[in-house]
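# Architecture at a glance
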Amino acid sequence: MSAMDLFGDGQDELTNEEIMELMSKPNPHGLEPFGSDWEKEMDMHPLFMDDVPQEVIDGTLDRKKWPVLASHLDMMYEDDDDLEGSARSYKDDGNVEYKKGSKEGFIKAIISYTEGLKKNCENSELNSQLYCNRAAAQFSIGNYRRATQDSEKALELNPQYMKAITRAAQAQLKLGNIKSVIAWCDKALAIDRHNKAMIEMKVKSLQKLKEVERNERKQAAKELKDRRKNEQLLEAFRQRKLNLYLADLEDEDETAEERNARLLESLKSSSSHGQVTLNEEKQLVWPVRLLYPEYATSDIIQQFSETHCLFDHLSYMFPPGGESPEWDEEGEYTVHKVCVIYNSGKEKVELDKETSLLDLLVEHNIMIVGGVPTFEIYVKDSDTYNTNIVAGS
């Protein structure tokens, strides 16, 4: 009985009603009908499975777990005591299924080739072909590592088997293992130095390898540059004795290096509005957030040098006689009328607008959360100012 006889040729499609009727009836081989969990059972049926169970390939199939599959395998050549003949028949059946070109066909082919190998016949050439053919079927369903493994087993039995070498090279190419591809090409060309397909694959792989190595060098250089920039940034923080917020860990054994790495990661993870950098003059350039409590809105100044003062930026944002933001309908926010407040959570301190950012951060020990210094902006002597600042104080 062939695999085609066993599984059918797939030409006659059943209606949903016919499928449901068949599912409710016992089959002629004494197996139970589908139960309430029929979808899972169908996935375990040879006709519907997406991949070959590893137990089939390993020869450790659990008959209770896979009753339908075990039954089909038992029926095929159950009376055949000729090991080589049986293995060859499995190979032929596998070839029929493989040539269908469908995923279902490839899976059935893998099962047939596996059963042929389990016969353990003494014909090494036949076994080599079974491994090589199974590698082709594995390759066809995207199992590139298994395809490589089967190709290697085929070559253990027949070291000159060009098809197996080619299949292994193709599988490694799919996996992106360029150096391995080149090694397989060299193995093929040692047997046939005029093999055009292998020559072309090696040339393309060598070009790809140069590209990969060039990208690796670029990445290594970038990582080195980033590491140096991070070290300089951390040193700038230390020199200025800045109050950078970092949540405490329960781990009391955290090293300084681990804490620094966590600090840099926290700055990076909260960098949607920009990230603090060190410019060529070795000055820190910060993203600074300005809050306007009266209107529940905010601004981000993405590049605020530590040598600049708030007055410089506020003059640009709220120039006297200039155009006001949409939310400032009364035009009250001008550089000379607004004041800057630092809210520590415990107290609110009015800051000098004409003092540099660095001096403000250091003198008032301002806590920098998420790598973004944050200040509140009020109109001096406004109702909101008097309520939040004067009365609050």
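Details of the structure are given in the entry above.
Worth saying up front: this structure is predicted, and the values here are computed from it rather than measured. (Residues numbered from 1 in each chain as written. Predicted model: local features only at pLDDT ≥ 70, side-chain atom pairs only at ≥ 80, totals over all residues. Heavy atoms only, no water.)

The next thing to look at is the overall build of the chain. Counting secondary structure elements, the chain contains 16 helices and eight strands. Relative to its 393 residues, the chain shows a buried fraction of 38%. By sequence separation, contacts in the chain at least 24 residues apart represent 56% of the contacts at least 6 residues apart. Of the accessible surface of the chain, which amounts to about 23400 Å², a share of 46% is contributed by carbon and sulfur atoms. (Helix = DSSP H or I, 4+ residues; strand = E, 2+ residues; numbered from the N terminus. Buried < 20%, exposed > 50% of the residue type's maximum accessible area, 1.4 Å probe, protein only. Contact = heavy atoms within 4.5 Å. Areas by Shrake-Rupley, 256 points an atom, 1.4 Å probe, with all protein chains shown as cover.)

Here helix 6 (residues 83-99) crosses helix 8 (residues 124-140) at 25 degrees, and the two axes come no closer than 11 Å. Classified by the angle between their axes, helix 6 and helix 8 sit roughly parallel to one another. The crossing of helix 6 and helix 8 is left-handed. Residue-level contacts link Glu84, Ala87, Arg88, Lys91, Asn95 and Tyr98 of helix 6 to Leu126, Gln129, Leu130, Asn133, Ala136, Ala137 and Ser140 of helix 8. (Axes fitted to C-alpha atoms, helices over the stretch in contact; angles between N-to-C directions. Parallel < 35°, antiparallel > 145°, perpendicular 65-115°, else oblique. Left-handed = near helix turned anticlockwise from the far one by under 90°.)

Turning next to the environment of Gln303. With respect to the helices and strands, the residue Gln303 is situated in strand 4 (residues 297-305). The sequence separation of Gln303 and Pro287 amounts to 16 residues, and the corresponding C-alpha distance is 5.3 Å. Apart from residues lying up to four places away in sequence, Gln303 is in contact with Val285, Trp286 and His313.

Further remarks concern helix 14 (residues 310-317). Among the residues making up helix 14, those that are buried are Leu310, His313 and Leu314. Taken end-on, helix 14 shows its buried residues confined to a sector of 100 degrees, consistent with a single buried face. Lining the buried residues of helix 14 we find strand 3 (284-292), strand 4, strand 5 (338-343), helix 15 (357-363) and strand 8 (374-379). (Arc of directions from axis to C-beta.)

Attention now moves to the side chain of Ser151. Along the chain, the position of Ser151 falls in helix 9 (residues 144-157). Within the local environment of Ser151, its side chain forms a polar contact with the backbone oxygen of Ala147, the two atoms lying 2.8 Å apart. Contacts of Ser151, omitting those with residues within four sequence positions, involve Ala135, Ala164, Arg167 and Ala168. (Polar contact = N/O pair within 3.5 Å; in protein donor to acceptor, adjacent residues only side chain to side chain.)

What the rule picks out here adds up to ten salt bridges. Here Arg238 and Glu235 are joined by a salt bridge, their closest N and O atoms 3.0 Å apart. One end of the pair, Arg238, and the other, Glu235, are both in helix 12 (residues 196-240), three residues apart, so they sit about a helical turn from each other. (Salt bridge = Lys/Arg side-chain N within 4 Å of Asp/Glu carboxyl O.)

With 45 residues, helix 12 ought to run about 66 Å at 1.5 Å a step, and its terminal C-alpha atoms sit 66 Å apart, in line with that. Within helix 12, the full set of buried residues consists of Met198, Met201, Ser205, Leu209, Leu233, Leu234, Ala236, Phe237 and Arg240. Near the N-terminus of helix 12, the side chain that reaches the backbone nitrogen of Ala197, with its oxygen 3.2 Å away, is that of Asn195. Positive phi shows up at Lys241, right after helix 12, with a value of about 55 degrees. (Expected span 1.5 Å × (residues − 1).)

Once that is clear, we can look at the packing of aromatic side chains. Two aromatic rings are characterised by how far apart their centres lie and by the angle between their planes. Per the counting criterion, the structure on display carries twelve aromatic pairs. Relative to Trp327, the ring of Phe318 has its centre 6.4 Å away and its plane inclined at 75 degrees; by these criteria the two rings are edge-to-face. Classification of Trp327 as partly exposed rests on a relative accessible area of 22%. Joined through ring pairs, the aromatic side chains of Tyr292, Tyr295, Phe318, Trp327 and Tyr333 make up one cluster. For Arg167, the ring lying beneath its charged end belongs to Phe139, and the centroid distance is 5.2 Å. (Phe/Tyr/Trp six-rings, centres within 6.5 Å; stacked < 30°, edge-to-face > 60°. Lys NZ or Arg CZ within 6 Å of the ring centre and 35° of its normal.)

Checked against the element boundaries, Tyr161 lands in the loop between helix 9 and helix 10 (162-175). Considering only alpha carbons, one finds Tyr161 and Cys132, 29 residues apart in sequence, at a separation of 8.8 Å. If near-sequence neighbours (up to four positions away) are discounted, Tyr161 is found in contact with Ser128, Gln129, Cys132, Ala154 and Leu155.

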